[in-house]
Amino acid sequence: MNKKLNDVVFLFLFCGIVCLIGCNNILSEKSNKSRSLSNHFKNHFHLGAAINENTILGNDNKSKEIVVSEFNSITPENSLKWMFIQPLPGKFDFKVSDKYVNIGSKNDMYTVGHALIWHAQLAEFMQNIDNKEETLFHVKNHINTLMNRYKGKIDAWDVVNEAFEEDGSFRESVFYKNLGQNYIEDVFVLAAKVDPEADLIYNDYNLYKREKRLAVINMVNKFKANGIKIDGVGVQAHWDLNTPSINEIENIILDFHETGILVSFTELDISVLPNPWEMVGAEVNQNFSKFEGDPKMNPYPNELPNNIQDKLAKRYEDIFKLFLKHSDKIDRVTFWGVIDKYSWLNDWPIKGRTNYPLLFDKDYKSKKAYYKLLELKTNQN
Ligand code: G3I
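This report concerns the structure included in the present document. None of these values were measured; they are calculated from a predicted model.

Cut-off values and rules
Residues numbered from 1 in each chain as written. Predicted model: local features only at pLDDT ≥ 70, side-chain atom pairs only at ≥ 80, totals over all residues. Heavy atoms only, no water. Salt bridge = Lys/Arg side-chain N within 4 Å of Asp/Glu carboxyl O. Helix = DSSP H or I, 4+ residues; strand = E, 2+ residues; numbered from the N terminus. Buried < 20%, exposed > 50% of the residue type's maximum accessible area, 1.4 Å probe, protein only. Contact = heavy atoms within 4.5 Å. Expected span 1.5 Å × (residues − 1). Arc of directions from axis to C-beta. Polar contact = N/O pair within 3.5 Å; in protein donor to acceptor, adjacent residues only side chain to side chain.

## Here's the deal with the pattern of salt bridges
Here's step 1: The final tally for this structure, using the stated rule, is 17 salt bridges.
Here's step 2: Between Lys-325 and Glu-250 there is a salt bridge, with the nearest N and O atoms lying 2.7 Å from each other. With Lys-325 in helix α14 (residues 306-325) and Glu-250 in helix α12 (residues 246-259), the pair connects residues that are 75 residues apart, well separated along the chain.
Here's step 3: The exposure class of Glu-250 is buried, given its relative accessible area of 14%.
Here's step 4: As a salt-bridge pair, Glu-317 and Lys-321 come within 3.7 Å of each other at their nearest N and O atoms. Placement of both Glu-317 and Lys-321 in helix α14 is noted, with a separation of four residues, approximately one turn of the helix.
Here's step 5: Where salt bridges share partners, they join Glu-166, Asp-204, Lys-209 and Lys-212 into one cluster.

Okay, here's the thing in structure tokens:
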């Protein structure tokens, strides 16, 4: 009788321990899940990250793990740009972009297409065309081919990227020169025809500068008046520890909200390094190679001092407090990269520096800024 009782007690205890371990795992998974950034902000805005080719091709699975567990939106850092997708007239290469789109579909992520029309990273054959007919043919073919291929898989397109100069004038790109200043409207009209379901976005940088922002606002208002579909403005948000001010960022949000479209912060990163143009005046297009190797311009080559780490965390906290204040006007916030090590800012505007602009460090570890964002009061806590 005792033996039987002992067996029952042992079995009971064993099941109890197994159940406890199981619950703990579920809790930890849940707590991991609830730790995720996108879950913390999920009732406020999409939270995304730009992913590079290595992550897309499975050569950097640690970055991919961070992306699928912490974010609910993705943008291709380079893989959908014209020079990679259609390097030669009519010759399309979707090897990488198909894998990119599959990551979004498989993980139920808000998937962004970046970018249909952009003067940079444009295939060489496009840069040398000097007539309207040929330009228009390739623009139509590019947009029809990409948007039809990814209809229902890409949720939003950066239809046109960086079409204005800092003073609000049109950038004299090959599209502007060959198609005229209405090319932006024409491209948006075409995009809306090809995929009426996709969100159509105009994307640009330095929109805290009033003249540039006004030029985009005027364009948006003209689109609205003419019944041309535009769903959002993409504010790239390549900022630093001080510029733009929170007030200047708030002006961006309020001004675009007035036009009736949603604002997305599409390429957020915060440089902690000195800006060379502060040394040599405002012209941002100069070549700064003379600063390469200058320790003054690369002050933290090996690691970020705690006091700067704290400043970065405070900067992200201030920015996200503003985003939460206006989350009714914001559709998405996307970081321009996953870990510091692969940020474009390590080589721009000066090659060979060590920057620390993102939420995860070179060893894929969450930084102070990451935890600061999780501490922010949202309607998830
Ligand atoms: O693909 C080549 C590779 O074959 C070659 O070996 C390597 C040698 O350097 O270069 C590779 O191309 C690089 C490309 O990124 C893909 O990695 C280019 O040199 C490099 O200049 C290019 O930089 C990208 C930059 O756009 C180009 O302007 C950055 O990664 C990307 O983060 C950045 O993203 C842009 C957005 O699309 C639009 N908004 C501004 C933002 C920053 O410029």
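After that view, the rundown keeps rolling.
## Considering the environment of Phe-170
Here's step 1: With respect to the helices and strands, the residue Phe-170 is situated in the loop between β4 (156-161) and α9 (174-179).
Here's step 2: Each C-alpha atom, one on Phe-170 and one on Ala-215, is 8.7 Å from the other, the two residues being 45 residues apart in sequence.
Here's step 3: If we ignore the near neighbours within four places in the chain, the residues touching Phe-170 are Ala-163, Phe-164, Glu-165, Tyr-176, Gln-181 and Ile-184.

## Quick word on the environment of Glu-267
Here's step 1: One can find Glu-267 in strand β8 (residues 262-271).
Here's step 2: Take Glu-267: its relative accessible area is 5%, and that puts it in the buried class.
Here's step 3: The spacing of Glu-267 and Phe-335 is 68 residues in sequence and 5.3 Å in space, taken between C-alpha atoms.
Here's step 4: Look past the residues within four positions of Glu-267 in its chain and what remains in contact with it is His-114, Asn-203, Val-235, Gln-236, Ala-237, His-238, Thr-334 and Trp-336.

## Remarks on helix α6 (residues 95-106)
Here's step 1: With twelve residues, α6 should reach 16 Å at 1.5 Å per residue; the first-to-last C-alpha distance of 17 Å fits that figure.
Here's step 2: Taken as a whole, α6 has its buried residues at Val-96, Ser-97, Tyr-100, Val-101, Ile-103 and Gly-104. With its buried residues spanning 150° around the axis, α6 presents them on a single face. Every exposed residue of α6 that faces more than 90 degrees away from the buried side is listed here: Lys-95 and Lys-106.

## Examining helix α8 (residues 132-149)
Here's step 1: Between its terminal C-alpha atoms α8 stretches 25 Å, which fits the 26 Å expected from 18 residues at 1.5 Å a residue.
Here's step 2: Those residues of α8 that fall on the buried side of the exposure criterion are Thr-135, His-138, Val-139, His-142, Ile-143, Leu-146 and Met-147. Considered in projection along α8, the buried side chains sweep an arc of 135° and stay on one side of the axis. Structural note: α8 exposes Glu-133 and Phe-137 on the side pointing more than 90 degrees away from its buried face.

## Some thoughts on the side chain of Asn-275
Here's step 1: Mapped onto the elements, Asn-275 comes out in the loop between β8 and α13 (276-280).
Here's step 2: For Asn-275, a relative accessible area of 10% puts it in the buried group.
Here's step 3: Within polar-contact distance, the side chain of Asn-275 engages the side chain of Asp-240 at 2.9 Å.
Here's step 4: Ignoring sequence-local partners within four residues, the contact set of Asn-275 consists of Asp-240 and Met-297.

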